[in-house]
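What follows is each chain in one-letter form.
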Amino acid sequence: MKTILLAIGGNSLIRAGEAGTIAEQRANAQRTAGQIIGLIRAGYRIVLTHGNGPQVGAALLRSERGASQVPGLPLDVCDASTQGEIGYLLQQALQTELHQADLHVPVVTVLTQSLVLPDDPSMQHPSKPIGPFYSRADAEERQRLLGWNIVEDAARGYRRIVPSPDPVGILELEVIRNLVGQGVLVIACGGGGIPVIWKDGSLQGVEAVIDKDRASALLASRLAADLFVIATDTDYVYLNYKKPTQTPLLQVGAAELGEHARAGHFPPGNMGPKIESVLRFLRQGGKEAIITSCENLCQAVAGSAGTHMFPDRNRAEIESNTDLETKALFVGGR
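Residues numbered from 1 in each chain as written. Predicted model: local features only at pLDDT ≥ 70, side-chain atom pairs only at ≥ 80, totals over all residues. Heavy atoms only, no water.

**A word on the overall build of the protein chain**
- Of the regular secondary structure elements, the protein chain holds 11 helices and 17 strands.
- Computed over the C-alpha atoms, the radius of gyration of the protein chain is 20 Å, within 12% of the 20 Å expected from 2.2 N^0.38 for a compact globule of 334 residues.
- Its C-alpha atoms put the protein chain at 60 × 45 × 45 Å along the principal axes.
- When burial is assessed residue by residue, the protein chain has 51% of its 334 residues classed as buried.
- Sequence-distant contacts, at least 24 apart, represent 73% of the contacts inside the protein chain between residues at least 6 apart.
- Total accessible area computed for the protein chain in this model is approximately 15,800 Å², and 51% of it derives from carbon and sulfur atoms. (Helix = DSSP H or I, 4+ residues; strand = E, 2+ residues; numbered from the N terminus. Rg over C-alpha atoms; globule rule 2.2 N^0.38 Å. Buried < 20%, exposed > 50% of the residue type's maximum accessible area, 1.4 Å probe, protein only. Contact = heavy atoms within 4.5 Å. Areas by Shrake-Rupley, 256 points an atom, 1.4 Å probe, with all protein chains shown as cover.)

**Here we look at the sheet that holds strand 4 (residues 113–115)**
- Strands sit in the order 8-4-10-11 across an open sheet of four strands; the sheet is mixed. Edge positions in the open sheet fall to strand 8 (169–170) and strand 11 (202–205), since each of these has one partner strand only.
- Here helix 3 (residues 75–100) sits on the sheet and contacts strand 10 (194–199) and strand 11; the angle it forms with strand 10, its principal contact strand, is near 135°. (Pairing = 2+ DSSP bridges. Axes fitted to C-alpha atoms, helices over the stretch in contact; angles between N-to-C directions.)

**Re the packing of aromatic side chains**
- Inspection of every chain in the model, using the stated rule, returns four aromatic pairs.
- Geometrically, the ring pair formed by Y134 and W148 is tilted, given 6.1 Å between the ring centres and 55° between the ring planes. Note that Y134 is positioned in strand 5 (residues 128–134) and W148 in the loop between helix 4 (136–146) and strand 6 (149–152), a separation of 14 residues in sequence. Just as Y134 is buried, W148 falls in that class too.
- On the basis of an interplanar angle of 80° and a centroid distance of 6.3 Å, the ring pair of Y236 and Y238 is categorised as edge-to-face.
- Taken together, the ring pairs in this structure connect Y236, Y238 and Y241 into an aromatic cluster.
- Over the aromatic face of F133 sits the side chain of R159, whose NZ or CZ is 4.9 Å from the ring centroid. (Phe/Tyr/Trp six-rings, centres within 6.5 Å; stacked < 30°, edge-to-face > 60°. Lys NZ or Arg CZ within 6 Å of the ring centre and 35° of its normal.)

**Re helix 5 (residues 173–181)**
- Among all positions of helix 5, only L173, I176, L179 and V180 are buried. In a view along the axis of helix 5, the buried residues occupy a sector of 130°, so they form one face of it.
- On the buried face of helix 5, the contacting elements are strand 1 (3–8), strand 2 (45–50), strand 3 (107–109), strand 8, strand 9 (185–187) and helix 6 (212–222).
- Looking one or two residues beyond helix 5, the residue adopting positive phi is G183, at roughly 85°. (Arc of directions from axis to C-beta.)

**A look at the packing of helix 7 (residues 254–262) against helix 8 (residues 272–283)**
- Orientation of helix 7 relative to helix 8, taken along the N-to-C sense of each, is 155°, at an axis distance of 11 Å. Overall, the two elements helix 7 and helix 8 adopt an arrangement that is roughly antiparallel. Regarding helix 7 and helix 8, the two cross each other, and that crossing is left-handed. Residues A254, L257, G258 and A261 of helix 7 pack against I275, V278, L279 and L282 of helix 8.
- Classifying every residue of the contact of helix 7 with helix 8 by side-chain character gives seven nonpolar, one polar and no charged. (Parallel < 35°, antiparallel > 145°, perpendicular 65-115°, else oblique. Left-handed = near helix turned anticlockwise from the far one by under 90°. Nonpolar A, V, L, I, M, F, W, Y, C, P; charged D, E, K, R; others polar.)

**Regarding the nonpolar core**
- One finds I176, L219, F228, L257, I275, V278 and M309 to be the most contacted residues of the largest nonpolar core, which totals 37 residues.
- Elements with a contribution of two residues or more to this core: strand 1, helix 5, helix 6, strand 12 (227–232), strand 13 (237–239), helix 7, helix 8 and strand 16 (289–293).
- For this core, the leading source of residues is helix 8, giving five residues.
- Among all residues touching L257, those that are not within four sequence positions of it are L249, V252, F266, I275, V278, L279 and M309.
- The next biggest cluster of nonpolar side chains, apart from the first, holds 34 residues, and it includes I4, I14, I187 and L297. (Core = buried A, V, L, I, M, F, W, Y, C linked by side-chain atoms within 4.5 Å.)

**Here we look at the pattern of salt bridges**
- For the structure on display, the rule yields 11 salt bridges.
- Here R136 makes a salt bridge to E140, at a shortest N to O gap of 3.1 Å. Placement of the pair is R136 and E140 together in helix 4, with a separation of four residues, close to one helical turn.
- Of the charged contacts, one joins K274 and D213 as a salt bridge, the two residues approaching to 3.6 Å between their closest N and O atoms. With a gap of 61 residues between them, K274 in helix 8 and D213 in helix 6 connect regions that are remote in the sequence.
- In this structure K274 comes out as buried when scored by relative accessible area, which is 12%.
- Residues joined by salt bridges that share partners form a network here, namely D166, R214, E276 and R280. (Salt bridge = Lys/Arg side-chain N within 4 Å of Asp/Glu carboxyl O.)

Following this line, the structure appears as structure tokens:
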């Protein structure tokens, strides 16, 4: 069986314009699970990762608002709690869909710690906004009392910023690998994983945010996944996105993709980290990556949708050996 590392974005649980209620998140998780069932029917093993931006922001806000009644929680603990929260919603949705499809696949969420380096350059240059917006006076007070780094964000107010270091290891990797080998659908690396460092012989959480797609690419590489898929809010990767000359990329090699990135086609706050993560996966031995919308997952894996990205050295070989049997399963097996 081939293994897909599937990274789903925040829009898979909270869509644009939604308040983020649990009822909304359950409904969105159910739709996402339906697409994943199609991949399982086609014979794939799934490792699922997810973002947690809106959820961790809400957890921080709750912690701050309740600080007069109960002790507040640091960011790494909020990361851990949202991994469990989102894992629960996804597990339940997947188990429901699997039961209705009469498929017997165990599902488990692995609370995942991502190792970062204390001397990562980002530790000295925080850049990732988190949590709510504050007035200038409130932000300056928190900066003075709590030592936060504060920045003005898009003229909407002031926000806290934290480091966004690169993940260099996944502490639960062997557990995840063993579970996948036993046929378990594993949910892991939620929100990029909880950032931790080794210090004086002990593991310690750090107040930082790891990019979900970077952590997903690392896990995909370490598991030697056959396919790395990022589900986002667009059907394709586009050149000149949202401009009159917007053009979708259908199939592209790593070198060409890198040229487009250097030309500025993929903004840092949107498609940029996803393209960077795909290039890392391909350069570390990955054979194929796909970026598409959650609604088009099955069609994209079957080859009829999404942007397909390949390492230059064997792109032609991969294209010529497309798994026709899998395509037939997608077309006629549901």
